[in-house]
Amino acid sequence: MKKEDTVMLISAEGFEFVIDKKAAMVSQTIRNMLTSPGGFSETEHGKVTFPEISTTILEKICQYFYWSLQYASGKETEFHIEPELTLELMMAANYLHT
């Protein structure tokens, strides 16, 4: 996979998730960050840092992005969310418009 086909999402703790750009585009916020004109660093480097989102939550969000793509293509499976992650995950999802 070519570098321009991937995006690096960086958690508050500095953990880096390299995912398909198509998966990241599930988020309206990330889509705007990566496609906005004006020479923003996210657009130029394909890296987005989330200083308010923990590694555990960002990992679950990345899983959701891939699940969402599968669901949109007709593969209906459950997406399990641990109860202890629910509140943080909802706040992150709200921010990311997912």
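Criteria and cut-off values
- Residues numbered from 1 in each chain as written.
- Predicted model: local features only at pLDDT ≥ 70, side-chain atom pairs only at ≥ 80, totals over all residues.
- Heavy atoms only, no water.
- UniProt positions renumbered as here; feature names shortened; annotations may be inferred.
- Helix = DSSP H or I, 4+ residues; strand = E, 2+ residues; numbered from the N terminus.
- Rg over C-alpha atoms; globule rule 2.2 N^0.38 Å.
- Buried < 20%, exposed > 50% of the residue type's maximum accessible area, 1.4 Å probe, protein only.
- Contact = heavy atoms within 4.5 Å.
- Areas by Shrake-Rupley, 256 points an atom, 1.4 Å probe, with all protein chains shown as cover.
- Lys, Arg positive; Asp, Glu negative; His and termini not counted.
- Charge placed at Lys NZ, Arg CZ, Asp CG, Glu CD.
- pLDDT = per-residue confidence, 0-100.
- Polar contact = N/O pair within 3.5 Å; in protein donor to acceptor, adjacent residues only side chain to side chain.
- Core = buried A, V, L, I, M, F, W, Y, C linked by side-chain atoms within 4.5 Å.

As annotated in an unreviewed UniProt entry, the protein carries the name Elongin-C and is attributed to Salvia splendens. Turning to the protein, the UniProt annotation filed under Pathway (unreviewed entry) states: "Protein modification; protein ubiquitination." We quote the UniProt Sequence similarities (unreviewed entry) comment for the protein here in full: "Belongs to the SKP1 family."

A. Up close: the overall build of the protein. Within the protein, the secondary structure is distributed over five helices and three strands. Relative to the globule expectation of 13 Å for 98 residues, the C-alpha radius of gyration of the protein, 13 Å, shows essentially globular dimensions. Along the three orthogonal principal directions, the C-alpha set of the protein runs to about 40 × 30 × 20 Å. Within the protein, the fraction of its 98 residues that count as buried is 35%. At a minimum sequence separation of 6, the contacts of the protein that also span at least 24 residues come to 60%. Accessible surface, the protein as shown: approximately 6,400 Å² in total, 55% of it carbon and sulfur. For the protein, the separation between the mean place of its 8 positive charges and that of its 14 negative charges on side chains is 10 Å.

B. Focus on the confidence of the model for the protein. Across the protein, pLDDT averages 92, with 97% of residues at or above 70. When mean pLDDT is compared element by element in the protein, strand β2 (residues 16-20) scores highest at 97, while helix α3 (residues 41-45) scores lowest at 79.

C. Molecular detail of the environment of Ser36. Tracing the backbone shows Ser36 in the loop between α2 (28-35) and α3. Taking the relative accessible area as the measure of exposure, Ser36 reaches 24% and is therefore partly exposed. Within the local environment of Ser36, its side chain forms a polar contact with the backbone oxygen of Asn32, the two atoms lying 2.3 Å apart.

D. Representation of the nonpolar core. One finds Leu9, Ile30, Phe50, Ile53 and Ile61 to be the most contacted residues of the largest nonpolar core, which totals 22 residues. Going through the elements one at a time, β1 (6-10), β2, α1 (21-24), α2, α4 (55-72) and α5 (86-96) are the ones with two or more residues in this core.

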